[in-house]
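Here are the chains, one letter per residue:
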There are 2 protein chains.
Amino acid sequence: MKLVCEGIDLSDAVLKVVKACATKTVTPVLECIKLSARNDSLIVLATDGEISIQKTIKADIYEEGDVCVPGRYFSDFIKKLEGVQLTLSTDEKRMTIVYADSQTEMQVLSAADFPVIDTDINENSFRLKTADLKKFINATSFCCASDDSRPILKGCQFVIRNNELCATSLDGFRLATIHGELISATGDMEIVCPVRTLSEIEKMIDGDGETEIFVQKGRILVEVDDTVLTSRLYNGDFIKKENIIPKEFTTKVKVDKAALKASIERAAILVRNDKNSLIIFDVTADKIEISSNSEIGSVQEPVKAQVEGKDVKIAMNSKFIIEAVNALTEDKLVLAFNSQIQPFICENEEAKDRLYLILPVRTMNNA
Amino acid sequence: MKLVCEGIDLSDAVLKVVKACATKTVTPVLECIKLSARNDSLIVLATDGEISIQKTIKADIYEEGDVCVPGRYFSDFIKKLEGVQLTLSTDEKRMTIVYADSQTEMQVLSAADFPVIDTDINENSFRLKTADLKKFINATSFCCASDDSRPILKGCQFVIRNNELCATSLDGFRLATIHGELISATGDMEIVCPVRTLSEIEKMIDGDGETEIFVQKGRILVEVDDTVLTSRLYNGDFIKKENIIPKEFTTKVKVDKAALKASIERAAILVRNDKNSLIIFDVTADKIEISSNSEIGSVQEPVKAQVEGKDVKIAMNSKFIIEAVNALTEDKLVLAFNSQIQPFICENEEAKDRLYLILPVRTMNNA
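This one's a predicted model, so the numbers in the text were calculated from it and none came from an experiment.

Trainee: What should I look at first to understand the relation of the copies chain B and chain A in this one?
Mentor: To go from the first copy of the chain to the second, apply a rotation about an axis and then a shift along the same axis. Least-squares fitting of chain B to chain A yields an RMSD of 0.0 Å, with the superposition described by an axial translation of 0.0 Å and a rotation of 180°. Taken together, the rotation and translation describe the operation of a two-fold axis. When each C-alpha of chain B is compared by its distance to the rotation axis, Lys24(B) comes out closest, at 15 Å. Here 100% of the interface residues in chain B have copies in chain A that are interface residues too; the copies meet face to matching face.

Quick look at the structure:
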């Protein structure tokens, strides 16, 4: 392989794809970036086995070929050569990078060991506003599971029906769901996409335009400005949210978001080092009494609210309620409860596009 | 103790003093903030035993008294009550904070166990431009030792002679020194101030004005807008820089700072996970050849330079040379060497107010 390219182009490409490099792996080639010189292009590619990112740049190719370079060293090094023209050439064991009067050599691995990435993904697709895709991802991804006990919960479910998308995630303690219109879809579909993939997609996309997501054979593909991201999807049955979200509630509370948030945050401080970071909502006639209690001290704050239905006293993880409240967008929120041991929900007062459900924590008092 | 104060005043005070709270200690009271209600003021104080920060705010005192509250919990909690008026009252075991309709209780410790902080420090003093004090601190503090093997090296030496200040720090591998004019001083003096104290002072001071530093009985005191910082100083003999900095050099090199920095940073990337992060300078007729070598690969970069004197090849820790180059302020730098085993220096070409000295690393080739 031998080629000449601009440092600024190669730097831009390696900084985009290096995000797909594996970090801690027993397969060193997954920590590499693969460079492929073909015709008048250099293809820059990285994958950790789940997600892949590829970008093609212009280059003068004197000898075609493929090679794998150590991903993070290479990207950090090339980042510092944005202003110059680079000549890359390889023999079996190393790549030589020549720039100005200088010369760097890097150990390489054989491209034969690098996974083959299938980018022929186009059977099904859906298209939506880029801002909407960001909104769907941001509204749900924080509720995905972070541990491996049920791997499918590390993904977010996208259900497409009649040109509408419903995104749902849950971690066993809480659930987030949001729905909205698509611009178009080739048909109904149901996928579970790894949250890490969604987070990389969220960073790739930008602006007022539209984004199309392609789906085929358990994989997805998104392309933005010559950068192609692919990822495997998760297989298996995702929890049906209809079976979890109550349809009726015995208590409905309308409350000012800012006041609720401030009180919860203060109550959370004193329990932040406790297991479950427990705070209690005591809902009565015209208020929520928010309280917490730890060896540091105790907080008791009434927050004015419009309450319909039965009184209820319920304990929860303060982190979950803070994140749900932060993800809601209106000044007034609605909370709805059934009992101290049943899941409760938080929604905007008006726009019902998204809903957060939280399981209460059983305490000595209500277990 | 019972008092009423504004949340915004108390929040400002606790956020300033909490920086002096101890973090990991076997003495819980050092993790506290001490509140003292006297006359029409509330004195807010924290100390880790070495450094103390104190701020006095206005308050309506209904009952004088002293109490210790858990520092970080209290400051994070009060931070979220900036907009309201607070009533603080204590009994033996707890403090009650009342605001609007809400009430919080916090466990307290007896103020009797809190160290007595001597703020009667005024025997000697020196005064300088605030910007100069920031410059002195920033130019030297990164070269202080971070381990405890020779505790005095965790401080920075300030020597005052004839209205001039010379600040010096060293960690056993490198030395930084800077000197400049004072506005005034009560006399000559020599102190070694903990680098952590200097870093807190650097954050406290700001603006175009002047700062006065008071010294007495092995302690210093700085006051900025009702915030009073005191700190113990280190005792013991500090290394005499005159004994370490060579007076003559066999090789002098004048080099462009930007070019030198870019080459060193690239060479450092390939050795960043190696012990000593070793890079080599090979100084010959009209250039420095910068190189590095690791199992990842090797870099070789010539940097044009004006060289006077003998050729020299010298190995060094790339982190030390990068930090020294970054701390120099002119476009052209001067490096001066004697041999591959003797310390070398880096300075600005013109302004000789500061100097960095670095010990080379002995390698198999030159040991």
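Trainee: What is the right way to look at the interface of chain B and chain A in this model?
Mentor: Accessible area lost upon the coming together of the parts serves often as the stated size of an interface. On the side of chain A, 29 residues touch chain B, which itself brings 29 residues to the contact. For the chain B and chain A pair, buried surface summed over both sides reaches about 2,700 Å², with 56% attributable to carbon and sulfur atoms. Between Asp76(A) and Arg272(B) there is a salt bridge; the shortest N-O distance is 2.5 Å. Counting across the chain B and chain A interface gives 16 residue pairs in polar contact (both at pLDDT 80 or more). Elements represented by at least two residues in the side of chain B that touches chain A include exactly helix H2 (71-79), strand S9 (102-107), helix H5 (257-269) and strand S22 (297-309) of chain B. Taken together, the residues that form the side of chain B that touches chain A break down as 11 nonpolar, eight polar and 10 charged. Taken together, the four bridges between strand S22 (residues 297-309) of chain A and S9(B) define a ladder with antiparallel strand orientation. Across the sheet, residue Gly297(A) finds its bridge partner in S9(B), namely Met106(B).

Trainee: I'm lost on the sheet that holds strand S14 (residues 184-185) of chain A in this one. Help?
Mentor: Strands belonging to one sheet form pairs held by backbone hydrogen bonds; the direction of such a pair is parallel or antiparallel. Residue and element names in this part refer to chain A. If you trace the nine strands from one edge of the open sheet to the other, you get S6-S2-S3-S4-S18-S17-S16-S10-S14, paired in antiparallel fashion. Each edge of the open sheet carries a strand with a single partner, namely strand S6 (65-70) and S14. In the sheet, strand S17 (residues 219-224) pairs with strand S18 (residues 227-232) via six bridges, with the strands oriented antiparallel. Looking at S18, one finds that Val 222 is bridged to Leu 229.

Trainee: What exactly am I supposed to notice about the packing of helix H5 (residues 257-269) of chain A against helix H6 (residues 318-327) of chain A here?
Mentor: Axis angle and axis distance: for two packed helices, these are the angle between their axes and the distance between the axes, and together they describe the pair. Residue and element names in this part refer to chain A. Relative orientation of the contacting elements H5 and H6 amounts to 155°, with a least axis distance of 10 Å. Here H6 runs roughly antiparallel to H5, going by the angle between their axes. With respect to the hand of their crossing, H5 and H6 are arranged in left-handed fashion. Facing H5, whose interface residues are Lys 257, Leu 260, Lys 261, Ile 264, Glu 265 and Ala 268, H6 presents Ser 318, Ile 321, Ile 322, Val 325 and Asn 326. Residues of the contact of H5 with H6, tallied by class, amount to six nonpolar, two polar and three charged.

How each quantity is defined
Residues numbered from 1 in each chain as written. Chains lettered and ligands numbered in written order. Predicted model: local features only at pLDDT ≥ 70, side-chain atom pairs only at ≥ 80, totals over all residues. Heavy atoms only, no water. Least-squares fit on C-alpha atoms with pLDDT ≥ 70 in both. Contact = heavy atoms within 4.5 Å. Buried area = accessible area lost by both parts, 1.4 Å probe. Salt bridge = Lys/Arg side-chain N within 4 Å of Asp/Glu carboxyl O. Polar contact = N/O pair within 3.5 Å; in protein donor to acceptor, adjacent residues only side chain to side chain. Helix = DSSP H or I, 4+ residues; strand = E, 2+ residues; numbered from the N terminus. Nonpolar A, V, L, I, M, F, W, Y, C, P; charged D, E, K, R; others polar. Pairing = 2+ DSSP bridges. Axes fitted to C-alpha atoms, helices over the stretch in contact; angles between N-to-C directions. Parallel < 35°, antiparallel > 145°, perpendicular 65-115°, else oblique. Left-handed = near helix turned anticlockwise from the far one by under 90°.

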